Amino acid sequence: MPKLYGIKNCDTVRKALKAFEAAGKPVEFVDVRAQALTEETVQSWLAYVDAETLINTRGTTWRKMDEVSRGAAMAGPASAILKEPSLFKRPVITDGESVTVGWKAAEQARWLE
């Protein structure tokens, strides 16, 4: 069963969860504010996607960071995400064999078909 990582009040996460439900596809939701991410989890994502894909550079958390912190986040994305879980693009969905980031048409097709 795939795991969907995100924040329960994120609109994109809610859309993804509703789509899984409507398609009759089971998914385990992990709210990263209620259940802390582990280094192992974030490193497993980074085995499939790079920092530029995983880090949300359009979000509020990123915009509030200074240039030094942004550089550190790109150089060490796992550490940055563990410190500030809202820094990753949502949702991250994984089944242990693949990882997708976001909820655009390609991700929807991957998980719902």
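Since the model is a prediction, treat every value here as computed from it, not as a measurement.

This part covers the overall build of the protein chain. The number of helices and strands found in the protein chain is seven helices and four strands. In sequence order, the secondary structure elements of the protein chain are arranged as β-α-β-α-α-α-α-α-β-β-α. Since a compact globule built from 113 residues should have a radius of gyration of about 13 Å, the 14 Å found for the protein chain is in line with a globular shape. Expressed along its principal axes, the backbone C-alpha trace of the protein chain runs to roughly 45 × 25 × 25 Å. For the protein chain, with 113 residues in total, the buried portion stands at 41%. Surface exposure of the protein chain reaches about 6600 Å², of which carbon and sulfur atoms provide 49%. Where the 16 positive side-chain charges of the protein chain centre and where its 15 negative ones centre are 8 Å apart.

With that settled, consider the nonpolar core. Grouped together as the largest cluster of nonpolar side chains are 30 residues, with contacts concentrated most on W45 and F88. Of all elements in the fold, only β1 (3-6), α1 (11-22), α2 (39-46), α6 (77-83), β3 (92-94) and β4 (99-101) reach the threshold of two or more residues within this core. With residues up to four places along the chain from it excluded, the contact list for W45 reads Y5, L37, L54, F88, V92, T94 and V99.

It is worth spelling out the pattern of salt bridges at this point. Under the counting rule described, the total for this entry stands at three salt bridges. As a salt-bridge pair, D11 and R14 come within 2.3 Å of each other at their nearest N and O atoms. Linking D11 with R14, this pair stays in helix α1, spanning three residues, or about one helical turn. Relative accessible area serves as the criterion here: at 47%, D11 is assigned to the partly exposed category. The exposure class of R14 is partly exposed, given its relative accessible area of 37%. The closest approach of N and O atoms between R70 and E67, which form a salt bridge, is 3.0 Å.

Quick notes on the rules
- Residues numbered from 1 in each chain as written.
- Predicted model: local features only at pLDDT ≥ 70, side-chain atom pairs only at ≥ 80, totals over all residues.
- Heavy atoms only, no water.
- Helix = DSSP H or I, 4+ residues; strand = E, 2+ residues; numbered from the N terminus.
- Rg over C-alpha atoms; globule rule 2.2 N^0.38 Å.
- Buried < 20%, exposed > 50% of the residue type's maximum accessible area, 1.4 Å probe, protein only.
- Areas by Shrake-Rupley, 256 points an atom, 1.4 Å probe, with all protein chains shown as cover.
- Lys, Arg positive; Asp, Glu negative; His and termini not counted.
- Charge placed at Lys NZ, Arg CZ, Asp CG, Glu CD.
- Core = buried A, V, L, I, M, F, W, Y, C linked by side-chain atoms within 4.5 Å.
- Contact = heavy atoms within 4.5 Å.
- Salt bridge = Lys/Arg side-chain N within 4 Å of Asp/Glu carboxyl O.

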